[in-house]
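Breakdown of the fold
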Amino acid sequence: PALSPNGATLAYLTADDCYPDPEQPEFFATVYDTLVVADTEGNEISRVPLSAGSVDAASALVDLVWEDDSTLLVWDDQHTFYRVPGTAGPIDTLDRVDLPAVDVFAVHDGMALAAAVEADAGYGPIQVVSIADGSATPLGADAAGAYSVGMSSEGLAIVSAAEPRQLALVVILTRVGYPCN
């Protein structure tokens with residue numbers, strides 16, 4: 001689950017069904033097809049389906065971040081990003097956000113701290129990406145060895161490496177959107 005910036009609301013992805021994994025039938029795959037928004041005590045405020053129809057693994061939701069206290073950014077495995085304001089739905093009928101193939105860790109003042117997703121290589125460089133136009137600025141740190149990536153409400157981003165355990169990068173996102181090391 002992800003806590004909204006003001007601490008009043010939780011959001012998480014869920015699924016009603018699990019399916020046998022086609023590559024390993026002894027295991028099951030969860031196809032996240034619903035966004036749930038709840039208060040901090042776990043009481044559902046809204047349940048937003050991805051689609052009015054069935055959802056396959058390739059189009060399932062994979063993650064979410066809060067853009068602000070009332071708007072979520074969610075994306076699927078194909079890196080199709082959707083902006084979900086409050087209660088709305090289905091998600092696939094909402095506004096799409098044109099971003100590069102990234103996994104977003106946090107958003108502050110319209111700028112996303114993200115890692116590039118590279119085919120067959122996993123994570124690539126950590127970037128600051130504009131939510132408005134999708135432009136990306138690499139920050140010089142590779143997310144492949146990242147252990148923890150996060151951002152405070154003031155825009156202070158911290159990335160630490162797992163091996164060796166060290167602070168790899170600290171970035172402050174200013175109001176005008178330029179990263180400072």
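Computed from a predicted structure; not experimentally measured.

Points about the sheet that holds strand β7 (residues 61-66)
- If you walk across this open sheet you meet the 4 strands as β7-β8-β9-β10, and the pairing is antiparallel. Strand pairing shows two members of the sheet lacking a second neighbour, β7 and β10 (96-97), which therefore form its edges.
- Taken together, the 2 bridges between strand β9 (residues 81-85) and β10 define a ladder with antiparallel strand orientation. What sits directly across from Phe-81, in β10, is Val-97.

What about the sheet that holds strand β6 (residues 44-49)?
- Taken together, the 4 strands give an open sheet; going across it, the order is β1-β2-β5-β6, and neighbouring strands pair in antiparallel fashion. The open sheet has two edge strands with one neighbour each: β1 (2-3) and β6.
- Of the strand pairs in this sheet, strand β5 (residues 34-39) and β6 are connected by 5 bridges, and their pairing is antiparallel. Among the inter-strand pairings, Val-37 is bridged to a residue of β6, identified as Ser-46.

Thoughts on the confidence of the model for the chain
- Mean pLDDT over the chain: 79, with 72% of residues reaching 70 or higher.
- This model gives residues 175-181 a pLDDT under 50, and the stretch forms 17 contacts once residues within four places in sequence are excluded.

Let's talk about the environment of Glu-118
- You can see Glu-118 is positioned in strand β12 (residues 111-118).
- Considering only alpha carbons, one finds Glu-118 and Val-102, 16 residues apart in sequence, at a separation of 8.6 Å.

Some details on the side chain of Thr-9
- As for its placement among the helices and strands, Thr-9 is situated in strand β2 (residues 9-14).
- The residues touching Thr-9, leaving out its near neighbours within four places in the chain, are Ala-2, Leu-3, Ser-4, Val-37, Ala-38, Thr-40, Ile-45 and Trp-66.

Regarding the nonpolar core
- Residues Leu-35, Leu-64, Leu-72, Val-74, Val-84 and Ile-91 are the most contacted members of the largest nonpolar core, which totals 19 residues.
- Put simply, the parts of the chain that give this core at least two residues each are β2, β5, β7, β8 (71-76) and β9.
- At 3 residues, β7 tops the list of elements feeding residues into this core.

About the criteria used
- Residues numbered from 1 in each chain as written.
- Predicted model: local features only at pLDDT ≥ 70, side-chain atom pairs only at ≥ 80, totals over all residues.
- Heavy atoms only, no water.
- Pairing = 2+ DSSP bridges.
- Helix = DSSP H or I, 4+ residues; strand = E, 2+ residues; numbered from the N terminus.
- pLDDT = per-residue confidence, 0-100.
- Contact = heavy atoms within 4.5 Å.
- Core = buried A, V, L, I, M, F, W, Y, C linked by side-chain atoms within 4.5 Å.
- Buried < 20%, exposed > 50% of the residue type's maximum accessible area, 1.4 Å probe, protein only.

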